[in-house]
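Close look at the chain arrangement
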Amino acid sequence: MTYITRAAAAAGALLTAAGLLTAGPAQAAFRDGFSGNWLYLTVTKGDARSSDTRGTLLLCEPPQGHARASEACAELTAAGGAIDRIPAKQVFCPMIFAPVTVHARGRWDGRPVDFQDTYTSACVMRARTGSVFALDG
């Protein structure tokens, strides 16, 4: 194999990999066609352009996907699947600016869900979203 052929093959492999990364797990989750209530959840430290992202698939029939799946599914059920309708907890959060961006994409009660927000800290995120984005357990 010549140098040019190897370079072309490597470039093709890189483009394919970039395409797969761009599609991401959330897009794959949409194609899988899960039944029932489910959300693909991500939490990104910093703004949405950061590479420090964690994610998981939350399934609610039965609850599974992260350590607090049962609590998250119960909170979502009580809020009709609307993350922004989960009652905020009255907690004291230190005034330290360490933003986190959350994203939820999936289906709830047959309707598509696409929720994204940025909070000033993980403490504020937990106070506003309950167990939904508690991916650490």
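Just above sits the structure.
Okay, so let's go over this structure. (Residues numbered from 1 in each chain as written. Predicted model: local features only at pLDDT ≥ 70, side-chain atom pairs only at ≥ 80, totals over all residues. Heavy atoms only, no water.)

1. Here's the deal with the overall build of the chain
- A count of helices and strands for the chain gives 3 helices and 5 strands.
- For the chain, the proportion of its 137 residues judged to be buried stands at 36%.
- The contacts in the chain between residues at least 6 apart in sequence include a share of 54% that link residues at least 24 apart. (Helix = DSSP H or I, 4+ residues; strand = E, 2+ residues; numbered from the N terminus. Buried < 20%, exposed > 50% of the residue type's maximum accessible area, 1.4 Å probe, protein only. Contact = heavy atoms within 4.5 Å.)

2. Focus: the state of the cysteines
- Considering all chains together, one arrives at 2 disulfides under this definition.
- A sulfur-sulfur separation of 1.9 Å characterises the disulfide bridge that pairs cysteine 60 with cysteine 73. Given an S-S torsion of about -85°, the disulfide between cysteine 60 and cysteine 73 has left-handed geometry. Pair noted here: cysteine 60 is in strand S2 (residues 53-60) and cysteine 73 is in helix H2 (residues 69-78), with a separation of 13 residues, a long-range link.
- Between the sulfur atoms of cysteine 93 and its disulfide mate cysteine 123 the distance is 2.0 Å. One quick way to see it: the torsion about the S-S bond of cysteine 93 and cysteine 123 is about -80°, and its sign makes the bridge left-handed. (Disulfide = S-S within 2.5 Å.)

3. Topic: the nonpolar core
- Leu41, Leu58, Leu76, Ile83, Val132 and Phe133 are the most contacted members of the largest nonpolar core, which totals 26 residues.
- Filtering out sequence-adjacent residues up to four positions away, leucine 76 remains in contact with Leu39, Leu58, Gly81, Ile83, Ile86, Trp108 and Val132. (Core = buried A, V, L, I, M, F, W, Y, C linked by side-chain atoms within 4.5 Å.)

4. As for H2
- Turning to H2, its buried residues are Ala69, Ala72, Cys73, Glu75 and Leu76. Within H2, the buried residues cover an arc of 160° as seen down the axis, which keeps them to one side. Set apart from the buried face of H2 by more than 90 degrees, the exposed residues are Ser70, Thr77 and Ala78.
- Considering only its buried residues, H2 is in contact with strand S1 (38-45), S2, strand S3 (63-64), strand S4 (100-108) and helix H3 (122-129).
- At the C-terminal side of H2, glycine 80 shows a positive phi close to 65°. (Arc of directions from axis to C-beta.)

5. Focus: the layout of surface pockets
- Here the second largest pocket is characterised by a volume of approximately 150 Å³.
- The wall of the second largest pocket is formed by 12 residues, among which Arg54, Ala122, Met125, Arg126 and Asp136 lie closest to the centre.
- Those elements giving two or more residues to the lining of the second largest pocket turn out to be S1 and H3.
- In terms of residue count, the dominant contributor to the lining of the second largest pocket is H3 (3 residues). (1 Å grid on protein atoms, 1.4 Å probe; cavity = no way out; pocket = protein on both sides within 12 Å on 5 of 7 lines; lining within 4 Å. Points joined across faces, edges and corners; volume = space filled by probe spheres on them.)

6. Focus: the pattern of salt bridges
- For the coordinates displayed, the defined rule picks out 3 salt bridges.
- Where glutamate 71 meets arginine 68, a salt bridge forms, and the shortest distance between an N and an O atom there is 3.2 Å.
- For glutamate 71, a relative accessible area of 40% corresponds to the partly exposed category.
- Taking the relative accessible area as the measure of exposure, arginine 68 reaches 26% and is therefore partly exposed.
- For the salt bridge of arginine 105 with aspartate 114, the shortest nitrogen-to-oxygen distance reads 3.6 Å. (Salt bridge = Lys/Arg side-chain N within 4 Å of Asp/Glu carboxyl O.)

7. Remarks on the pairing of S1
- By the criterion of burial, S1 is predominantly enclosed, with 7 of the 8 residues buried.
- As paired elements, S1 and S2 share 7 bridges and run antiparallel to each other. Opposite threonine 44, over in S2, you have threonine 53 as the bridge partner.
- When S1 meets S4, the two strands line up antiparallel, connected through 8 bridges. Each bridged residue has a counterpart across the sheet, and for tyrosine 40 the counterpart in S4 is arginine 105. (Pairing = 2+ DSSP bridges.)

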